[in-house]
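Overview (structure and organization)
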Amino acid sequence: MNTSLKGNISSFYLNHYNYQNMDINGRIRNGLFKGKFTVDDPNLIFNFNGQASFAKDTSMYDFVATIGKADLYQLHLVKDTVAVVSSELDINFKAVDFEDWTGSFVVSNATYENASNYYFFQDILVESYFTDTSRVLAVESNIVEANVSGDFTFSGLGKAFGSHFQRYTKAKKTIETPEGEYFDFDITVKNTQLITEIFIPELTVESNTHLTGNYNSQQRLLSADLNSARIVYNENKVDNIDLTYRGDTSDSELNFFVGSLALNGGMEFDSIKLGNFYYKDTLFYTLEWILRDSIDSRTRLTGYALQKDSSSFEFGIDSSRFNIGAQSFMINNTNRIYIDTGGVHIEDLVFSNGPERKMYINGSVSDSDNEILRVNLRGFGFDIINYFLATPEAR
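Let us look at the structure shown here. What you see is a predicted model; the values in this text were computed from it and never measured.

1. A word on the overall build of the protein
- Scanning the protein from terminus to terminus reveals two helices and 27 strands.
- Here the C-alpha atoms of the protein give a radius of gyration of 29 Å, more than 25% beyond the 21 Å that 2.2 N^0.38 yields for 395 residues.
- Seen through its principal axes, the protein has C-alpha atoms that stretch 95 × 50 × 45 Å.
- The proportion of buried residues among the 395 residues of the protein is 34%.
- For the protein, the proportion of contacts with a sequence separation of at least 24, taken over those separated by at least 6, is 35%.
- Taken as a whole, the protein presents about 23,300 Å² of accessible surface, with 54% of it coming from carbon and sulfur.
- Side-chain charges of the protein comprise 33 positive and 52 negative groups, with the mean position of each set lying 3 Å from the other.

2. What to know about a nonpolar patch on the surface
- Together, Ile 195, Phe 199, Ile 200 and Tyr 233 give the surface a local cluster of nonpolar side chains, amounting to about 400 Å² of exposed area.
- Mapped onto the elements of the fold, Phe 199 is located in helix H2 (residues 193-199).

3. Structural notes on the packing of aromatic side chains
- For the structure on display, the rule yields 20 aromatic pairs.
- Both rings, one in Tyr 17 and one in Tyr 19, keep their centres 4.9 Å apart while their planes meet at 80°; by these two values the pair is edge-to-face. The residues Tyr 17 and Tyr 19 share a single accessibility class, namely buried.
- Three or more aromatic residues joined by ring pairs make a cluster, and in this case those are Tyr 61, Phe 93, Trp 101, Phe 105, Phe 152, Phe 154, Phe 161, Phe 183, Phe 185 and Tyr 215.
- For Arg 135, the ring lying beneath its charged end belongs to Phe 152, and the centroid distance is 5.6 Å.

4. A word on the nonpolar core
- If you look at the biggest cluster of nonpolar residues, it comprises 41 residues, and the most contacted ones within it are Leu 44, Phe 46, Phe 121, Val 148, Phe 152 and Phe 183.
- Of the residues forming this core, the biggest block, five residues, is contributed by strand S5 (residues 59-71).
- By size, the runner-up hydrophobic cluster in this structure holds 12 residues, among which are Phe 329, Leu 349, Phe 351 and Ile 361.

5. So, the environment of Gly 259
- Along the chain, the position of Gly 259 falls in strand S17 (residues 251-262).
- Distance from Gly 259 to Val 126, taken between C-alpha atoms, is 35 Å for residues 133 residues apart in sequence.
- When sequence neighbours within four positions are dropped, the list of residues in contact with Gly 259 reads Asp 239, Asn 240, Phe 269, Asp 270 and Ser 271.

6. Quick word on the pattern of salt bridges
- Per the counting criterion, the structure on display carries seven salt bridges.
- Salt-bridge contacts for Arg 246 lead to Asp 225; the nearest nitrogen and oxygen are separated by 3.3 Å. Remark: Asp 225 occurs in strand S15 (residues 221-233) and Arg 246 occurs in strand S16 (residues 236-247); sequence separation between them is 21 residues.
- One salt bridge connects Glu 288 with Arg 300, and the closest N-O pair in it is separated by 2.3 Å. Of this pair, Glu 288 sits in strand S19 (residues 282-292) while Arg 300 sits in strand S20 (residues 297-309), placing them 12 residues apart in sequence.
- On the accessibility criterion, Glu 288 (25% relative accessible area) is partly exposed.
- Each of Lys 308, Glu 314 and Arg 336 takes part in one network of salt bridges that share partners.

7. Quick notes on the pairing of strand S2 (residues 17-29)
- Summarising the sheet, strand S1 (residues 2-14) and S2 pair through 12 bridges and their orientation is antiparallel. Bridge pairing in S2 places Asn 8 opposite Asp 23.
- Here S1 hands over to S2 after two residues, with Asn 15 in that stretch at a positive phi of 55°.
- Pairing geometry for S2 and strand S3 (residues 32-41), over eight bridges, is antiparallel. Bridge pairing links Met 22 to Val 39 in S3.

8. Side note on the side chain of Gln 327
- Inspection of the secondary structure assignment puts Gln 327 in strand S23 (residues 327-331).
- Polar contacts involving the side chain of Gln 327 include one to the side chain of Arg 357, which spans 2.8 Å.

9. Points about unusual backbone geometry
- Positive phi, normally seen in glycine, also occurs at Asn 208, with a value near 70°.
- Inspection of the secondary structure assignment puts Asn 208 in the loop between strand S13 (203-205) and strand S14 (209-216).

10. Considering the side chain of Ser 228
- Mapped onto the elements of the fold, Ser 228 is located in strand S15.
- Judged by relative accessible area, which is 5%, Ser 228 ranks as buried.

About the cut-offs
Residues numbered from 1 in each chain as written. Predicted model: local features only at pLDDT ≥ 70, side-chain atom pairs only at ≥ 80, totals over all residues. Heavy atoms only, no water. Helix = DSSP H or I, 4+ residues; strand = E, 2+ residues; numbered from the N terminus. Rg over C-alpha atoms; globule rule 2.2 N^0.38 Å. Buried < 20%, exposed > 50% of the residue type's maximum accessible area, 1.4 Å probe, protein only. Contact = heavy atoms within 4.5 Å. Areas by Shrake-Rupley, 256 points an atom, 1.4 Å probe, with all protein chains shown as cover. Lys, Arg positive; Asp, Glu negative; His and termini not counted. Charge placed at Lys NZ, Arg CZ, Asp CG, Glu CD. Patch = residues over 30% accessible without salt bridge, like charges linked within 9 Å, V, L, I, M, F, W, Y side chains within 5 Å. Salt bridge = Lys/Arg side-chain N within 4 Å of Asp/Glu carboxyl O. Phe/Tyr/Trp six-rings, centres within 6.5 Å; stacked < 30°, edge-to-face > 60°. Lys NZ or Arg CZ within 6 Å of the ring centre and 35° of its normal. Core = buried A, V, L, I, M, F, W, Y, C linked by side-chain atoms within 4.5 Å. Pairing = 2+ DSSP bridges. Polar contact = N/O pair within 3.5 Å; in protein donor to acceptor, adjacent residues only side chain to side chain.

See below:
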């Protein structure tokens, strides 16, 4: 087919909106459109100049476009009553399908306006290309820089992480492991303020947060390292985060350190350390922290965690210790804690402060009237409560 197109479309109804005043001037030849297309609508100002192919085997796109104005609410694209965008686009890529495309997307001078603010985004570049040995997906912007290289498909990226971690969750829906794929990834957060203010205003991620790692589907191996100076969510502050993960089909190991954690309620924790080893469906853990508050408590817990099915969990605490002020406490190693849809069920949980002071906890916390939680105290006085009071004058 070789057809010239030139004219005006006075209206076009789509998604419950009547687009007006569209002009087209170009040619369609063998599935390739080359020319200009403009929209001069009260809620959409759009200009397209270039070519776009819709052939059955390979699609090709090489064009520049300008979105002078797009009122997303009036166009029935979003629910927010104020959502106006503008941008310049430079697109040059070819694709066989979603999995196999090469080229670049450049977004320039993008703006977004909502009811509370006006945002400007600098250039965003997304590239997909092949080297002699691998495929590369790269993102460059003032928000984030990312690089993924190896032998992978785009759908396989999500499946790689989903299939690897699904064994920890006992999910009912199985995610297939991508076959014959491997890749390295390197992501650096530069400035997420623009994104988080729009979509997650409670979240702040410090610049230079860095995530690196690699994946190999043949070995079912995933490794990752995360470093961040600070992450804040809903005024809860986490500082000096250092996470290392290594896992394959048989076992996995996680080491997680947080320099400090400040909760919005006022409690502060220092030197939080979590180490765990996963083997044959059981997670063995060690957790330590220091509570910097009126009680100045140091805690070290060791134990195991086991997920029986998608809604049933079993926990056990091995011989562990913590202190409240100057008093040291031990936790026995014969306890069991079960969590399911019916509630929390505790068996033989004992806290001891020397041979004469013990707290025994057995029973359940649930909605059932037939289940109760029993707490028996032996040798404890009310003086222990003083450590939890905010002022020394309160006794």
